[in-house]
Amino acid sequence: MADNRNDVLRIVGGHPALDLVNTVAPRVPGGTADELDYLRAPAALLAWSRRIGLTDASEATAVAAAWDSAAGTAEQALHATIEIREAVYTVLARRDESAEMAAALELLTLRWSAAAARSVLVPGGAVAELQVGTSPALMIPDRLVAAAVELLRTVELRQLRACPIEEGGCGFLFLDRSRNGSRRWCSMEDCGTQAKIRKLSERRRATTVEGVQR
Ligand SMILES: [Zn+2]
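Small disclaimer: the values here were computed from a predicted structure and weren't measured.

1. Examining the overall build of the protein chain
Part 1 of the reasoning: The number of helices and strands found in the protein chain is eight helices and six strands.
Part 2 of the reasoning: When its helices and strands are written in sequence order, the protein chain yields α-α-β-β-α-α-α-α-β-β-α-β-β-α.
Part 3 of the reasoning: Dimensions along the principal axes, computed over C-alpha positions, put the protein chain at roughly 75 × 40 × 35 Å.
Part 4 of the reasoning: Within the protein chain, the proportion of its 214 residues that are buried is 38%.
Part 5 of the reasoning: A separation threshold of at least 6 residues defines the contact pool for the protein chain, and within that pool the share at least 24 residues apart is 56%.
Part 6 of the reasoning: For the protein chain, the exposed surface amounts to about 12,000 Å²; the carbon and sulfur share of it is 55%.
Part 7 of the reasoning: Once the 26 positive and 27 negative side-chain charges of the protein chain are each reduced to a mean point, those two points are 8 Å apart.

2. Some remarks on the pattern of salt bridges
Part 1 of the reasoning: The final tally for this structure, using the stated rule, is twelve salt bridges.
Part 2 of the reasoning: Between R10 and D190 there is a salt bridge; the shortest N-O distance is 3.3 Å. Placement of R10 in the loop between α1 (2-8) and α2 (16-21) and of D190 in helix α8 (residues 188-213) is noted, with a sequence separation of 180 residues between them.
Part 3 of the reasoning: The partly exposed category is assigned to R10, whose relative accessible area is 21%.
Part 4 of the reasoning: Where D142 meets R118, a salt bridge forms, and the shortest distance between an N and an O atom there is 2.7 Å. In this pair, D142 is assigned in helix α7 (residues 139-154) and R118 in the loop between α6 (99-117) and β3 (120-123), connecting sequence segments 24 residues apart.

3. Concerning the coordination of the zinc ion
Part 1 of the reasoning: Coordination of the zinc ion by the protein involves C163 (SG), C170 (SG), C186 (SG) and C191 (SG), with metal-donor separations of 2.3 to 2.4 Å.
Part 2 of the reasoning: Considering all four donor atoms around the zinc ion, angles at the metal cover 103 to 117° and the coordination shape is tetrahedral.
Part 3 of the reasoning: Along the chain, the residues donating to the zinc ion are arranged with the sequence spacing C-x6-C-x15-C-x4-C. When sorted by exposure, C186 lands in the same class as C191, which is buried.

4. Observations regarding the packing of aromatic side chains
For any pair of aromatic rings, the description rests on two quantities: the centre-to-centre distance and the angle between the ring planes.
Part 1 of the reasoning: Inspection of the entire model under this criterion finds zero aromatic pairs.
Part 2 of the reasoning: If you follow R27 out to its NZ or CZ, it ends over the ring of Y89, 4.2 Å from the centre.

Cut-offs used in this document
- Residues numbered from 1 in each chain as written.
- Predicted model: local features only at pLDDT ≥ 70, side-chain atom pairs only at ≥ 80, totals over all residues.
- Heavy atoms only, no water.
- Helix = DSSP H or I, 4+ residues; strand = E, 2+ residues; numbered from the N terminus.
- Buried < 20%, exposed > 50% of the residue type's maximum accessible area, 1.4 Å probe, protein only.
- Contact = heavy atoms within 4.5 Å.
- Areas by Shrake-Rupley, 256 points an atom, 1.4 Å probe, with all protein chains shown as cover.
- Lys, Arg positive; Asp, Glu negative; His and termini not counted.
- Charge placed at Lys NZ, Arg CZ, Asp CG, Glu CD.
- Salt bridge = Lys/Arg side-chain N within 4 Å of Asp/Glu carboxyl O.
- Donors = N, O, S within 2.8 Å, 3.2 Å for Na, K, Ca; no water.
- Tetrahedral: all angles 85-135°; square planar, octahedral: opposite > 155°, others 65-115°.
- Phe/Tyr/Trp six-rings, centres within 6.5 Å; stacked < 30°, edge-to-face > 60°.
- Lys NZ or Arg CZ within 6 Å of the ring centre and 35° of its normal.

Written out as structure tokens, the structure reads:
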């Protein structure tokens, strides 16, 4: 059933590394007791990687075959993915000189250099292009850590937002690429609408209480 939950997860980050961070809901530093982890099994990870376009259909088939042929490889890929996810969230949430930040960057460096060792330059693009994830068993975490390093190196911080938890949002991270930088919610149809409904019903409740007291 874990796979099905993937379908209701909103893909709103605007970058694969942010979509990865957003596979825990709500997204709050330190976590919450009622949080949902959408990547609790290798099958869920594979389905999610297809959904965000990290793998295509034939690559996903190759990943599944690699996982089936060697015991423990699926769990290894999932474990690497979760480590990368939490490190990216720590780095983006802290952006400071703390030991947690340093440890998260170190983990990403190690994961990235291992992924680089499994990458290859092939003819293409302007002259050559980098193919990341040549080892199917680790294709997903390799591509995710490459995406994470790219994001951390190049992100425009004024575009980086979190859906406001304090106003009933979900804490998901996203890039606000709107021209006037006015995007507040991960998704207007979801958190934005819910916040509007909540505000309306709070106002109505306040009016009713006033009515009773009179
Ligand atoms: Zn939200």
